[in-house]
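An overview of the molecular structure
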Amino acid sequence: MSPVDVGEAITRAHHEEWARVVATLTRHFGDLDVAEEAAAEAFATAVERWPADGVPPNPGGWLTTTARRKALDRIRRDNKRDDNQKQAQMMYDDPPDFLGAVDDERLRLIFTCCHPALASEARVALTLRMVGGLTVPEIARAFLVQEATMGQRITRAKAKIKAARIPYRVPSADDLPGRVSGVLAVLYLVFNEGYLASGPDTDPVRHDLTAEAIRLARLLRALMPGDGEVAGLLALMLLTEARRTARVSANGELVTLDEQDRGAWDAALVAEGHRLVRERLATGQAPGRYQILAAINAVHTSARDVRDTDWSQVVALYDQLFRLDPSPIVALNRAVAIAELDGPDVALGIVDRLQDELVDYHAYFAARADILRRLGRSEESRAAYDRAIALAGNTAETAYLTRRRDQLV
Amino acid sequence: MQYLVSVIDDTPNSATSDEMTDINAFNDGLQADGHWVFAGGLGAPSTATVIDGRGAEAMFTDGPFVETKEWLSGFWIIEAPDLDVALKLAAAGSKACNRRVEVRPFL
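Residue positions are counted from 1 within each chain, in the order its sequence is given. Here chains are named by letter from A upward and ligands by number from 1 upward, in the order in which they appear as written. Residue-level local features of this predicted model are given only where pLDDT is at least 70; pairs of side-chain atoms are given and counted only at 80 or more, and the full residue set underlies all totals for whole chains, interfaces and linings.

What follows covers the overall build of chain A. When helices and strands are tallied, chain A shows 19 helices and zero strands. Radius of gyration: over C-alpha atoms. The globule rule applied is 2.2 Å multiplied by the number of residues raised to the 0.38 power. Taking 2.2 N^0.38 as the reference for a compact globule, 409 residues should give roughly 22 Å; the C-alpha atoms of chain A span a radius of gyration of 24 Å, in line with that estimate. Reported as C-alpha extents along the three principal axes, the dimensions of chain A are approximately 75 × 45 × 40 Å. Here chain A holds 409 residues, and the buried ones make up 41% of them. A pair of residues counts as a contact when their C-beta atoms, built from backbone coordinates, are within 7 Å of each other. Considering only intrachain contacts with a sequence separation of at least 6, the fraction spanning at least 24 residues in chain A is 62%. Numbering of helices and strands starts at the N terminus; helices are DSSP runs of H or I of at least 4 residues and strands are runs of E of at least 2. Once C-beta atoms are placed from the backbone, each residue is buried if 20 or more other C-beta atoms lie within 10 Å of its own, exposed if 12 or fewer, and partly exposed for counts between those two.

A count of helical and extended segments in chain B gives two helices and six strands. Listing every helix and strand of chain B by position from the N terminus yields β-α-β-β-β-β-α-β. For chain B, the spread of C-alpha atoms along the principal axes amounts to about 45 × 35 × 20 Å. Residues classed as buried in chain B amount to 21% of the 107 residues present. Taking the intrachain contacts of chain B between residues at least 6 apart in sequence as the baseline, contacts between residues at least 24 apart amount to 74%.

Moving on: the sheet that holds strand β6 (residues 100–105) of chain B. Residues and elements named next belong to chain B. One bridge is not enough; two strands pair if DSSP finds at least two bridges between them. Across the sheet, four strands lie side by side as β2-β5-β1-β6; this open sheet has antiparallel pairing. The open sheet has two edge strands, β2 (36–41) and β6, and neither has a second partner. Between one strand axis and the next, the sheet turns by 20 degrees as a mean value, whatever way the strands run. Here strand β1 (residues 2–9) pairs with strand β5 (residues 71–79) via eight bridges, running antiparallel. Paired with Y3 across the strands is I78, a residue of β5. Helix axes are fitted to C-alpha atoms over the stretch in contact, other axes to C-alpha atoms as well, and angles between N-to-C directions run from 0 to 180 degrees. In this fold helix α2 (residues 83–97) packs onto β1, β5 and β6, with an angle of close to 150 degrees to the strand it touches most, β6.

For the purposes of this description, domain bounds are those given by an automatic or database domain assignment. Taken domain by domain, chain A consists of domain 1 (3–89) and domain 2 (310–409). Domain 1 of chain A and domain 2 of chain A are separated by 50 Å when their C-alpha centres are compared.

Before going further, it helps to spend a moment on the packing of helix α5 (residues 105–113) of chain A against helix α6 (residues 120–131) of chain A. Residues and elements named next belong to chain A. Between α5 and α6, the shortest axis-to-axis distance is 9 Å and the interhelical angle comes to 155 degrees. As the angle between them shows, α5 and α6 are arranged roughly antiparallel. Considering how the two elements wind past one another, α5 and α6 form a crossing that is right-handed. Where α5 approaches α6, its residues R106, L109, I110 and C113 are matched on the opposing element by R123, L126, T127, M130 and V131. Angular relationships are summarised with four words: roughly parallel below 35 degrees, roughly antiparallel beyond 145, roughly perpendicular across 65 to 115, and oblique for the angles in between. Helix crossings are classified by the rotation of the near helix relative to the far one: an anticlockwise turn of less than a right angle makes the crossing left-handed, while a clockwise turn makes it right-handed.

Quick look at the nonpolar core now. All names here are of chain A. Ranked by size, the top nonpolar core spans 128 residues in total, and within it V22, L25, A39, L187 and L233 carry the most contacts. Formed jointly, this core draws a minimum of three residues from each of two domains, domain 1 (3–89) and domain 2 (310–409). Each residue touching L233, except ones within four places of it in the same chain, is listed here: L184, L187, Y188, A217 and Y290. In this usage, the nonpolar core is the set of buried Ala, Val, Leu, Ile, Met, Phe, Trp, Tyr and Cys residues whose C-beta atoms join them within 7 Å.

We now examine helix α19 (residues 395–406) of chain A. Taking 1.5 Å of rise per residue, twelve residues should cover 16 Å, and α19 of chain A covers 17 Å from first to last C-alpha, within 8% of that figure. Three or more residues of α19 of chain A are buried, namely T395, A396, E397, T398, Y400, L401 and R404 of chain A. Multiplying 1.5 Å by the residue count of a helix minus one yields the expected span of that helix.

This part covers the interface of chain A and chain B. With seven residues of chain A at the interface, the matching set in chain B holds seven residues. Residue polarity follows a fixed list, in which Ala, Val, Leu, Ile, Met, Phe, Trp, Tyr, Cys and Pro are nonpolar, Asp, Glu, Lys and Arg are charged, and the others, Gly among them, are polar. Residue composition of the side of chain A that touches chain B, by class: six nonpolar, no polar and one charged.

All names here are of chain B. Taken over all residues, the pLDDT of chain B has a mean of 95, while the share at 70 or more is 100%. Per residue, pLDDT captures the predictor's confidence, and it can take any value from 0 to 100. Confidence, expressed as mean pLDDT per element, reaches its minimum in chain B at strand β4 (residues 59–62) with 94 and its maximum at β6 with 98. The ipTM value of the predicted complex is 0.88, and its pTM value is 0.85.

Moving on to the pairing of strand β3 (residues 49–52) of chain B. For a regular strand, side chains alternate in direction, first toward one face of the sheet and then toward the other. Residues and elements named next belong to chain B. Two strands pair when backbone bridges link them, and β3 and β4 are joined in this way by four bridges, in the antiparallel orientation. By the bridge assignment for β4, V50 is matched with T61. In this structure, the hairpin formed by β3 and β4 is closed by a connection of six residues.

Residue and element names in this part refer to chain A. Between the first and last C-alpha of helix α2 (residues 32–53) there are 30 Å, a value that for 22 residues agrees with the 32 Å anticipated at 1.5 Å per step. Fitting one axis to the seven residues ending at a residue and another to the seven starting there, the bend at that residue is the angle between the two axes. Along α2, the helix axis deviates most sharply at V47, where the bend reaches about 30 degrees; the proline P51 sits within four residues downstream. Buried within α2 we find L32, V34, A35, E36, A38, A39, A42, F43, A46 and W50. At the C-terminal side of α2, G54 shows a positive phi close to 90 degrees.

Let us look at unusual backbone geometry. In the Ramachandran plot, R165 of chain A falls in the positive-phi region, its phi being about 55 degrees despite a non-glycine side chain. Here R165 of chain A is to be found in the loop between α8 (147–163) and α9 (176–195). In this structure R165 of chain A comes out as buried when scored by C-beta crowding, with 23 C-beta atoms within 10 Å. One non-glycine residue with positive phi stands out, namely N98 of chain B, at about 60 degrees. Inspection of the secondary structure assignment puts N98 of chain B in the loop between α2 and β6. For N98 of chain B, a count of 14 C-beta atoms within 10 Å puts it in the partly exposed group.

With that settled, the discussion passes to the confidence of the model for chain A. Confidence in the prediction of chain A, expressed as mean pLDDT, is 90, and 92% of residues score 70 or more. Confidence over residues 98–102 of chain A falls short of pLDDT 50; this stretch has five contacts with residues more than four positions distant or in other chains.

A word on the packing of α2 of chain A against helix α3 (residues 59–78) of chain A. Residue and element names in this part refer to chain A. Packing of α2 against α3 brings their axes to within 8 Å, and their N-to-C directions diverge by 125 degrees. Classified by the interaxial angle, the pair formed by α2 and α3 is oblique. The two elements α2 and α3 meet at a crossing, and its hand is right-handed. Side by side, α2 and α3 meet where V34, E37, A38, A39, E41, A42, F43, T45 and A46 of the first sit next to L63, T66, A67, K70, A71, R74 and I75 of the second. Its residues assigned to classes, the contact of α2 with α3 comprises ten nonpolar, two polar and four charged.

What follows is the structure in C-alpha cells.
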C-alpha cells in the first residue's frame, strides 16, 4: 500500500471510527476524559504504525483495542481505579425499545454531549470534539476563539458532566422529542456558522463546518432512521449545501437565490434531499419545523428557472411553519415569498408590522430594502440598505448589499 | 448521589398558603419515592449574621455576607441516581413553590 493510500485509510478510519471508539470507551470506563485521551492516542499510534505494519483488516476493531489498552495504561499509571473512580463512573442504561433494533453507543454519546444542562456553546464544542473528532485547535479556529478558551470550555463541560452526573443514556420516550430537537439545534448551529460565516476575516462559506454538520446529521439519521425531524434537518442541509458553490460569485459577493446559476447546483445532493422529503411526505405524519423548511427548499430546488418557482406552494409551507413557530423571523421569510406571489406592496404591509421585533436583524432590513427598491421608493430603500450593511456580519453579504444600494437610482 | 435544590427568591417570607400546600404535596411525593433527604425554608437575608472565627476572638457582623437582589429562601437536599432525575424533581419543585430553583451536585 502506498503512503498516500495509508494516509487515506487513516483519514477514513478517523471519520468512520472516532465517535465509535470514544463512545465504546466511555461506556467501558465511565469517563469521557479517559475515553477522549485514549482515542486520540490510538489514532496517533495508527499514524505511527500503519505505514510500516500495513492497515489492519478491521481498522475499527484495531483502534478500539488499542485505545482500550491506552486507557488501562493511563488508569494504572494514575492509580485512579479506586473506589472514588468507580463511584464517579457515568450512569448508563440500555437503550429503550422504542428506537427499534438500533443499539449504538454513539447515540448515547450524542445525547450526553447535547445535554440541556450544558450551555449551548459547550454543547457545540463538545459534540464537535467527542462525536466529530475535531481537535481543540480546529474547533477554536471554527468559532474564532482562542485555543485556550476553547480548551477550557470543553474541559469545563466534561467536568460538569462528571460532577453533576449527567447520564450516558438515550433519553426516555417522554423526553426524546425535546432532547432530539436539542441535538438538531446543535447540528444546525454548526451548519449555519459554516453557511453564513460571521466575522470580517473569515471566508463567507466555511465548507469544513457545513461538511461536518452534514456528516453528523447523516450519522444521526443512520442511528434514528424513523425520526422525521432528523430526516428533515438532513434534507434541509443537503438542499442548502447543494447551492453552496453558486451562492458566492467569483469576486466574493453573495448571489441570491433568484440570480444563482442553477446549473452549478450539486445535482446529487439535490436528488438525495428530494428523496428524503418525499420519504417524509409518504409517511403522512405531521411534519415538524425542519421537515417544513426542507420542503420549502425542495420547492426552490425543483424549479429549473426562478420563474418556474411554485410560490403559492412556498407561501402555503410558510403558513404551515408559522402555525408551528409564530416567530417574527418566520413571518419575515413568509413576507418575502408573499412579495413574489401577491406583489411587493402586499409584502411591505406585512414587513412594516415586524419592524419593532426585528430592529437589530440584518436580514429584516435587506428584505425591506429589496421590497422598497421594487416599489421604486429609492430613498427609503437606500436607508434600509444602509442599516442592513451596518448589521450584516458576513463579508459576501455586505458586498452584495453595498452593490445593490449603489445601483439605486 | 445527592443534589442541593436552592429556591431563588426576592421577597422575604412571601410564600402563599396555596404554595405551601403544593410544597407539602411535593415533599410527600419525595418521601414516598425515596428522594427525600432534607428540606427547609430560611429566614430573610436581613436575619443573617456573619461570623469570622479565624482570629483569636470571634467577630460577629450583622447581615448577609453579600447583599444581592435575589437570594436563597429555602432548599431541598434530594437523592437521585443522576442529573436527569434531579432535573425532573427540581422542575416539579419549582412548580410547587412557584419560584425558580438551582440544582447543584454534592461532591
